[in-house]
Amino acid sequence: RWAPIVVPLLSSGPPLSPPMSGSELWCVHSDPCGICCAGVTYILLFFADWVVCTHLLPPWLGLSTGSCVLGLAFLLISALAVASHLRTMLTDPGAVPHEYTPSALLHDEKALPMCSRCNGFKPPRAHHCSQCDRCIMKMDHHCPWVNNCVGANNQKHFVLFVGYTALLSGYAMVLLVLRLMATLNEPRLFLTTHSHGPQEPVSMLYMFLLLFEALLFGLFTSAMFCEQLSSILTDQTGIERLKNDYAPPRRSAVQNLSETFGRPCSLLWLLPTPVTFNGLTWWDILPTEHEV
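Because the structure is predicted, anything quoted here is derived from the model rather than measured. (Residues numbered from 1 in each chain as written. Predicted model: local features only at pLDDT ≥ 70, side-chain atom pairs only at ≥ 80, totals over all residues. Heavy atoms only, no water.)

Engineer: An account of the overall build of the protein chain is requested, with residue identities and associated values reported.
Structural biologist: In terms of helices and strands, the protein chain carries 8 helices and 6 strands. Traced from its N-terminal end to its C-terminal end, the protein chain shows the element sequence α-α-β-β-β-β-α-α-α-α-α-β-β-α. By residue count, 47% of the 292 residues in the protein chain fall in the buried class. Within the protein chain, contacts between residues at least 6 apart in sequence are counted, and of these 62% link residues at least 24 apart. Accessible surface for the protein chain amounts to roughly 14800 Å². Of this, 69% is attributable to carbon and sulfur atoms. (Helix = DSSP H or I, 4+ residues; strand = E, 2+ residues; numbered from the N terminus. Buried < 20%, exposed > 50% of the residue type's maximum accessible area, 1.4 Å probe, protein only. Contact = heavy atoms within 4.5 Å. Areas by Shrake-Rupley, 256 points an atom, 1.4 Å probe, with all protein chains shown as cover.)

Next up, the structure:
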């Protein structure tokens, strides 16, 4: 069996090919734009948490039970979004090792599909990523916001990230609209708070910025979530749709979802946990898929 490609988190050299271990993480460290975009993502998520928990809920509802429940629910969704983002960014998306070749094809070098860029075996449905400089299994696209490719081994985490971010954006907009309605019905809320003194104008600025952020990223992540679900349900990646070079087999929606989220169907589909197929990881079953 071959081992997945991993890059030590602090490495500054080219990608290595050691066996997988718990002390090593996949990390694309050669793309400054991707690193900056990932940092901006965390700043925006933490900014939303801070505004909701300090400038939106306490001045409106005080420290009541309802305020605490709403705040904790917001933080929970935010934590799921952050965890999903980390999983997407630090999980090998499905890079094909340079030295890997299916044993059934070793006798016929002419039958080996090779990548002209990385000079390695190129399995069916793999595409080369110029940012990662590797061939990625079922590569959908390279996303700078997660500083990684979205491929066979981390698409689940990416779908959860955009899904929870879209949910968080919608939740923030609902809270802001309810706060506005409460202010219109009771104008004193605009000037006073529950035991926090006068409402500072800067708080209104923060809430306006939160509304703008929620609208912008809510629309973006909602569109990405729908596009990814469509890709999974039709069993065609974004690149395969553009190139029209893959005809997916006829399978049910649940079967196609299980190819990305794992088998059997369970509540773990909603959590950024490693994808497993009846106890086996994607790396365990991949070699057998190419023994053709």
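Engineer: Provide a residue-level description of the side chain of Thr91, including the pertinent values.
Structural biologist: Mapped onto the elements of the fold, Thr91 is located in the loop between α2 (65–90) and β1 (126–129). A polar contact is formed between the side chain of Thr91 and the backbone oxygen of Arg87, at a distance of 2.5 Å. When near neighbours in sequence (up to four residues on either side) are disregarded, Thr91 contacts Trp26, Asn148, Asn153, Asn154 and His157. (Polar contact = N/O pair within 3.5 Å; in protein donor to acceptor, adjacent residues only side chain to side chain.)

Engineer: Talk me through the pairing of strand β2 (residues 134–137); I want residue IDs and the actual numbers.
Structural biologist: Every second residue of β2 is oriented toward a common face, with Arg134 and Ile136 on one face and Cys135 and Met137 on the other, all of them buried. The pairing of β1 with β2 spans 4 bridges and is classified as antiparallel. When the bridges of β2 are listed, Cys129 appears paired with Arg134. Where β1 hands over to β2, the hairpin turn is made up of 4 residues, of which Asp133 adopts a positive phi near 60°. (Pairing = 2+ DSSP bridges.)

Engineer: Help me get a handle on the pattern of salt bridges, residues and values and all.
Structural biologist: Applying the stated rule across the entire model yields 4 salt bridges. Across the pair Arg125 and Glu240 runs a salt bridge whose closest N-O atoms are separated by 2.8 Å. Of this pair, Arg125 sits in the loop between α2 and β1 while Glu240 sits in helix α6 (residues 238–243), and the two are 115 residues apart along the sequence. On the basis of relative accessible area, Arg125 is assigned to the buried category, the value being 18%. The closest approach of N and O atoms between Arg251 and Asp235, which form a salt bridge, is 2.8 Å. Of this pair, Arg251 sits in the loop between α6 and α7 (253–261) while Asp235 sits in the loop between α5 (201–234) and α6, placing them 16 residues apart in sequence. By relative accessible area, Arg251 is classed as partly exposed at 31%. Its relative accessible area of 4% is what places Asp235 among the buried residues. Several salt bridges converge on common partners, so that one network encompasses Arg125, Asp235, Glu240 and Arg251. (Salt bridge = Lys/Arg side-chain N within 4 Å of Asp/Glu carboxyl O.)

Engineer: Describe the packing of aromatic side chains, naming the residues involved and giving the relevant values.
Structural biologist: Each pair of aromatic rings is reported with the distance of its centres and the angle of its planes. Applying the stated rule across the entire model yields 7 aromatic pairs. Where Phe47 meets Trp50, the ring centres are 6.3 Å apart and the plane angle is 45°; that geometry is what we call tilted. Taken as a pair, Phe47 and Trp50 lie in helix α1 (residues 32–61) at a separation of 3 residues, close to a single helical turn. On the basis of relative accessibility, which here comes to 22%, the residue Phe47 falls in the partly exposed class. The interplanar angle of 50° and the centroid separation of 5.6 Å between the aromatic rings of Phe74 and Tyr171 together place this pair among those described as tilted. Taken together, the residues span a long stretch of sequence, with Phe74 in helix α2 and Tyr171 in helix α3 (residues 155–185) at a distance of 97 residues. (Phe/Tyr/Trp six-rings, centres within 6.5 Å; stacked < 30°, edge-to-face > 60°.)

Engineer: Mind laying out the environment of Leu215, listing which residues take part and the relevant values?
Structural biologist: With respect to the helices, strands and loops of the structure, Leu215 is situated in helix α5. The partly exposed category is assigned to Leu215, whose relative accessible area is 42%. Note: C-alpha distance between Leu215 and Ala166 (49 residues apart in sequence) is 9.5 Å.

Engineer: So what's going on with α1? Residues and values would help.
Structural biologist: Residues separated by three or four positions in an α-helix point in the same direction, a consequence of the helix having 3.6 residues per turn. The terminal C-alpha atoms of α1 lie 42 Å apart, and with 30 residues this matches the ideal 44 Å at 1.5 Å per residue to within 8%. Approximately 35° is the largest bend angle found in α1, and it occurs at Val52. Trailing α1 by a residue or two, Gly62 shows a phi angle of about 70°, which is positive. (Expected span 1.5 Å × (residues − 1). Bend = angle between axes of the 7 residues up to and from the residue.)

By themselves, these figures tell us nothing about what the structure is for.
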